[in-house]
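Next come the chains, spelled out residue by residue.
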Amino acid sequence: MNKVILMGRLTRDPEVRYFQGENTTAVARYTLAVDRRFKHDGEATADFINCVAFGRAAEFAERYFRQGIRIVITGRIQTGSYTSRDGVKVYTTDIVVEEQEFAESKAANDRNSGSSRTSSDAGDGFMNIPDGIDEELPFS
């Protein structure tokens, strides 16, 4: 079984590209900083894990994910290789995202990133759902 569950913070905004073909497909790439449970020489360490999402998951990441937010993903490990322009074989390991979700409220994320809260925040710990994403919600 090839199943991965990770929780971490985005190191940068997702990079999204759209590939043309029979159907236009979005591909999002982002890196998660996942804290290690044990400290090295008294300092916290993290692993930086490359993730790739396709289709609607990629579009969701483009729309809502920003550097610093904490997310949880499930997916599978995919390895590969290619030859660089210098003729060196490069090995890759990515997590192919199957599910992704927020791991904290918007208010908690704003506090962690040092942002100030806006007057539209209700302070109830729930995120406001933007207009126009009804088709993405699992319920109606």
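Right, let's walk through the structure included here. All values reported here derive from a predicted model rather than from experimental measurement.

The next subject is the overall build of the protein chain. Helix and strand counts for the protein chain come out as two helices and six strands. Counting helices and strands in the order they occur from the N terminus, the protein chain gives β-β-β-β-α-β-β-α. Counting only residues that meet the buried cut, the protein chain has 28% of its 140 residues in that class. The long-range share in the protein chain, meaning contacts at least 24 apart out of those at least 6 apart in sequence, stands at 57%. Total accessible area on the protein chain stands at roughly 10100 Å², and carbon and sulfur atoms take up 48% of it.

On to the pairing of strand β6 (residues 89-102), then. Relative to β6, strand β4 (residues 46-54) runs parallel, the two being bridged by two bridges. Bridge pairing links V52 to V96 in β6. Of the strand pairs in this sheet, strand β5 (residues 70-83) and β6 are connected by 13 bridges, and their pairing is antiparallel. Across the sheet, residue I77 finds its bridge partner in β6, namely I95. Two successive antiparallel strands, β5 and β6, enclose a turn made up of five residues, where G87 displays a positive phi of approximately 85 degrees.

As paired strands, strand β1 (residues 4-10) and β5 are joined by six bridges and run antiparallel to one another. Each residue of the ladder has a partner; that of M7, found in β5, is V72. Across two bridges, the pairing between β1 and strand β3 (residues 25-35) is antiparallel. Residue pairing in the sheet places R9 in a bridge with A33 of β3.

Burial in helix α1 (residues 55-64) covers these residues: A58, F60, A61 and Y64. Seen along its axis, α1 keeps its buried residues to an arc of 160 degrees; they face one direction. Buried residues in α1 make contact with β2 (15-19), β3, β4 and β6.

Conventions used here
- Residues numbered from 1 in each chain as written.
- Predicted model: local features only at pLDDT ≥ 70, side-chain atom pairs only at ≥ 80, totals over all residues.
- Heavy atoms only, no water.
- Helix = DSSP H or I, 4+ residues; strand = E, 2+ residues; numbered from the N terminus.
- Buried < 20%, exposed > 50% of the residue type's maximum accessible area, 1.4 Å probe, protein only.
- Contact = heavy atoms within 4.5 Å.
- Areas by Shrake-Rupley, 256 points an atom, 1.4 Å probe, with all protein chains shown as cover.
- Pairing = 2+ DSSP bridges.
- Arc of directions from axis to C-beta.

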